Protein chains: 2
Amino acid sequence: MRQSTFEPGEYERRIEETKARMREEGLDALVVADPANMNYLSGYDGWSFYVNQAVIVTPDREEPVWVGRGMDANGARATTWLSEESIESYSDDHVHSPYDLHPMDYIADVLEALGVSDGTVGLEMDAYYFTAKSYTRLQENLGEATFEDATLLVNWVRIRKSERELDYMREAARISENAMRAGIDAIGEGVPESEAARAIYDALIRGTDDYGGDYPSIVPLMPSGDHTGTPHLTWTDREFEAGDPVIIELSGCRHRYHSPLARTAYVGDPPEEMTERMEIVVEGLEAALDAAEPGVTCERVEKAWRDTIAKYDIEKEERIGYSMGLGYPPDWGEHTASLRPGDETVLEEDMTFHMIPGLWFDDFGAELSETFHVTSNGAEVLADFPRKLFSA
Amino acid sequence: MRQSTFEPGEYERRIEETKARMREEGLDALVVADPANMNYLSGYDGWSFYVNQAVIVTPDREEPVWVGRGMDANGARATTWLSEESIESYSDDHVHSPYDLHPMDYIADVLEALGVSDGTVGLEMDAYYFTAKSYTRLQENLGEATFEDATLLVNWVRIRKSERELDYMREAARISENAMRAGIDAIGEGVPESEAARAIYDALIRGTDDYGGDYPSIVPLMPSGDHTGTPHLTWTDREFEAGDPVIIELSGCRHRYHSPLARTAYVGDPPEEMTERMEIVVEGLEAALDAAEPGVTCERVEKAWRDTIAKYDIEKEERIGYSMGLGYPPDWGEHTASLRPGDETVLEEDMTFHMIPGLWFDDFGAELSETFHVTSNGAEVLADFPRKLFSA
């Protein structure tokens, strides 16, 4: 058995909060398909989200029910806090089936057995891996059920972190620092991007002297040269050239908790203009960090950034950050609160955000980020890494 | 600009085959949301599939239309073969929006502009990232459209590989060999699983002397000890112990093409019983490889395996392989043909499969896989790696 990632009491609290929200929404059952939400409620951790699986919460059951593929049931036994009667699995002929079988047929049977097939069932309609077909197949199987969109219901429970969760995020931050240092050290004229990716991965998985790192939900991104205006391209064999700006965005991961970090480097001595633009990013980021404290809205935090860059006649459309923590590919974001105009979410203690402002111009981009924890004293920044344009 | 991964002519052929299938299905448009299918038709390659995006094919347009997030449009310009008028992007307020905006609203507008909003629109209903909400939102926006399930339409076009695709898979196989060797060398008594994961990742990204490796669609899996019966758990800080069996499943990746490989190692000198069971796996695998040739069905290939293990009074329920190649997280499988009973897909030249038979017992599992290419002379196995139980 694995070492317990959380005490059972912590899972019970999460389930209670989820049930409270289910009562507010009038749900008789909640089908949780987002792998991060499944982990949050049950502890389940495995690379099996490429097949349908779910954690089902019902009001009268203390434990949720894990449902997945037969060959993953042992994984559920090894990683969840659930007892044997809360683990249900379907046979392999449901997987990419040529027999007109679908895993959702089995999940419908479990809902039936739980006595909620004629009730109001909450679905994470916009969660990764809950496909359109998953939905229509449930509809076909459960003609008596009423379905409600419960996207983000569990994500909103996740937004405030426990002490243990914060510990894991701080551990992830140590890994992020090491990986960022490794990446900046590896980058140089004539070095292939893949070499820098290798150095970063090495540090991400090596972790620290005390613990190793988990795989991050997003691979290290390091758009360079012309591509700093293309933030989500991954590495190639292209060699870095003198004069390339390189944006490095990465995250250490510990028990699936992240602490993302972004910095920009320059191959050679950066031109004055770039250094100045980076200083604007840092000034804006620090203004926004200063504004972050309990009782303040997300849009107010973003406004501190926007007001700062406006002094330099710069406008920027994109949001500058989002709530995050636990995650599986393809994302470490929680999809709830964002730091942007119109988001009136009020910051509370123990929320955690990745603040990632950047300025992109035609010829290059400058980006610098911090992950922070909202405390009664304001923002606690998790990583300790210099805020400047690096020369690589 | 990146070096071209494929000649434009190859993309045009793929589009033509897709259009031919669309005609058969009576589709006026096809909305492709699976990132591997998007790459296959357009060349698009970026870690941006955590937001909605699509490639839309219509019969009267030579090029498909790429639709994605504003900040990813430059990535589309850099990686696709499409001209500027075939790249459309939505503003950032559509992303995880608090404004009741959804990226599918924009994609609906693009369908409208293409003149197909009252036509028959094919959707990949069961593709990763095409969520239930993506579907209902399209329905709400396009009241005049008729939607048809076109899941796997493009995947079936992908099943036969071109020479260039096979080259990339062979290059990926070289990486897989290096990574498997690194993993087996790293494993030993007292070594943390994360150390072995690090060695494998290092080899996966280092690639060969001639080219680096891309990130694989599935992280290296190496269930060990009690966990060989839990095939999809990922590494921890647990240290390998003498007597642990360790299953290593990994894949090199080159231009998003994979060549997966699995082997089993044993920490120390393996007991006779385990060696014998591995010999059964190898005998069954080789019988199935011998059976694989053009004109034979998938279920016939599986039967060769099943007949072999039956001689040893062993029965196994799971399928033993699947068509694969191009992929993005969470999977490198194509979800079309599987090597299992009931799958009557006839093998054709230039199909590629990952054959991964295994035998799991209460105390340990033995697994060994090969990726193969169907040629007129039978199966060409892509990797060259000994078929045995390794001592680590």
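What counts and how
- Residues numbered from 1 in each chain as written.
- Chains lettered and ligands numbered in written order.
- Predicted model: local features only at pLDDT ≥ 70, side-chain atom pairs only at ≥ 80, totals over all residues.
- Heavy atoms only, no water.
- Pairing = 2+ DSSP bridges.
- Helix = DSSP H or I, 4+ residues; strand = E, 2+ residues; numbered from the N terminus.
- Axes fitted to C-alpha atoms, helices over the stretch in contact; angles between N-to-C directions.
- Contact = heavy atoms within 4.5 Å.
- Domains from an automatic or database assignment.
- Buried area = accessible area lost by both parts, 1.4 Å probe.
- Salt bridge = Lys/Arg side-chain N within 4 Å of Asp/Glu carboxyl O.
- Polar contact = N/O pair within 3.5 Å; in protein donor to acceptor, adjacent residues only side chain to side chain.
- Nonpolar A, V, L, I, M, F, W, Y, C, P; charged D, E, K, R; others polar.
- Parallel < 35°, antiparallel > 145°, perpendicular 65-115°, else oblique.
- Left-handed = near helix turned anticlockwise from the far one by under 90°.
- Buried < 20%, exposed > 50% of the residue type's maximum accessible area, 1.4 Å probe, protein only.

Enquirer: Could you give an account of the sheet that holds strand S6 (residues 146-149) of chain B, naming the residues involved and the relevant values?
Expert: Residue and element names in this part refer to chain B. As summarised here, the arrangement of the six strands in space is S4-S3-S2-S1-S5-S6, forming an open sheet in which the pairing is mixed. Among the strands making up the open sheet, the edge pair consists of strand S4 (87-90) and S6. Strand-to-strand twist in this sheet, taken as the mean axis angle between neighbours without regard to direction, amounts to 25 degrees. The sheet contact formed by strand S2 (residues 54-57) and strand S3 (residues 65-69) spans three bridges and is antiparallel. Across the sheet, residue Val55 finds its bridge partner in S3, namely Trp66. Helix-sheet contacts for helix H4 (residues 103-113) involve strand S1 (29-32), S2, S3 and S4, and the interaxial angle to S4 is about 145 degrees.

Enquirer: Please give an account of the sheet that holds strand S5 (residues 120-123) of chain A that cites residues and values.
Expert: Residues and elements named next belong to chain A. Taken together, the six strands give an open sheet; going across it, the order is S4-S3-S2-S1-S5-S6, and neighbouring strands pair in mixed fashion. Each edge of the open sheet carries a strand with a single partner, namely strand S4 (87-90) and strand S6 (146-149). The average undirected angle you get between the axes of adjacent strands in this sheet is 25 degrees. Across four bridges, S5 lies against S6 in parallel orientation. Bridge pairing links Thr120 to Thr146 in S6. Against the sheet, helix H4 (residues 103-113) makes contact with strand S1 (29-32), strand S2 (54-57), strand S3 (65-69) and S4, and its axis sits at roughly 145 degrees relative to S4, the strand it touches most.

Enquirer: Tell me about the domain arrangement of chain A, and name the residues and values.
Expert: Residue and element names in this part refer to chain A. Per the domain assignment, the segments making up chain A are domain 1 (8-158) and domain 2 (163-391). At the interface, 17 residues of domain 1 touch 16 residues of domain 2. Between domain 1 and domain 2, roughly 1,400 Å² of surface is buried when both sides are summed, and carbon and sulfur atoms account for 58% of that area. On the domain 1 side of the interface with domain 2, the three residues burying the most area are Tyr128, Trp156 and Arg158, jointly 35% of the side's total. Applying the counting criterion to the domain 1 and domain 2 interface returns one salt bridge. With a shortest N-O distance of 3.7 Å, Arg14 and Glu165 are connected by a salt bridge. At the surface where domain 1 touches domain 2, the tally comes to eight residue pairs in polar contact (both at pLDDT 80 or more). Counting residues per element, the ones that place at least two in the side of domain 1 that touches domain 2 are helix H1 (8-25), helix H2 (35-42) and helix H6 (153-158). Looking at the side of domain 1 that touches domain 2, the element that brings in the most residues is H2, giving four residues. The class makeup of the residues in the side of domain 1 that touches domain 2 is ten nonpolar, three polar and four charged.

Enquirer: I'd like a rundown of the packing of helix H7 (residues 163-186) of chain B against helix H8 (residues 193-206) of chain B, residues and numbers included.
Expert: Residue and element names in this part refer to chain B. At a minimum axis separation of 8 Å, H7 and H8 run at an interaxial angle of 160 degrees. Classified by the interaxial angle, the pair formed by H7 and H8 is roughly antiparallel. For the crossing formed where H7 meets H8, the hand is right-handed. Every residue of H8 that contacts H7 at Ile175, Asn178, Ala179, Ala182, Gly183 and Ala186 is listed here: Ala196, Ala199, Ile200, Ala203 and Leu204.

Enquirer: Please give an account of the pattern of salt bridges that cites residues and values.
Expert: A side chain with one charge may pair with a side chain of the opposite charge, provided their charged atoms come close. Summed over the entire model, instances satisfying the criterion amount to 58 salt bridges over all chains. The salt bridge involving Arg137(A) is made with Asp105(A); its shortest N-O contact spans 2.9 Å. In this pair, Arg137(A) is assigned in helix H5 (residues 132-141) and Asp105(A) in helix H4, connecting sequence segments 32 residues apart. Accessibility assignment for this pair places Arg137(A) and Asp105(A) in one class, buried. One salt bridge in this structure joins Arg254(A) and Asp237(B), with 3.3 Å as the shortest N-O distance. With Arg254(A) in strand S7 (residues 245-254) and Asp237(B) in the loop between H8 and strand S7 (245-254), the pair connects residues from two separate chains.

Enquirer: Residues and numbers for the interface of chain B and chain A, please.
Expert: With 74 residues of chain B in contact, the opposing surface of chain A contributes 73 residues. Note on chain B versus chain A: buried area summed over both sides is about 6,500 Å², and carbon and sulfur give 56% of it. Together, Trp47(B), Arg198(B) and His232(B) form the three largest contributors to the area buried by chain B at its contact with chain A, with a combined 11%. Along the contact surface separating chain B from chain A lie six salt bridges. If you look at where chain B meets chain A, you find 39 residue pairs in polar contact (both at pLDDT 80 or more). Among the secondary structure elements, those contributing two or more residues to the side of chain B that touches chain A are helix H3 (73-79), helix H5 (132-141), H8 and strand S10 (331-338) of chain B. In terms of residues, the side of chain B that touches chain A owes the most to one element, H8(B), which gives seven residues. The residue makeup of the side of chain B that touches chain A, split by class, is 29 nonpolar, 25 polar and 20 charged.

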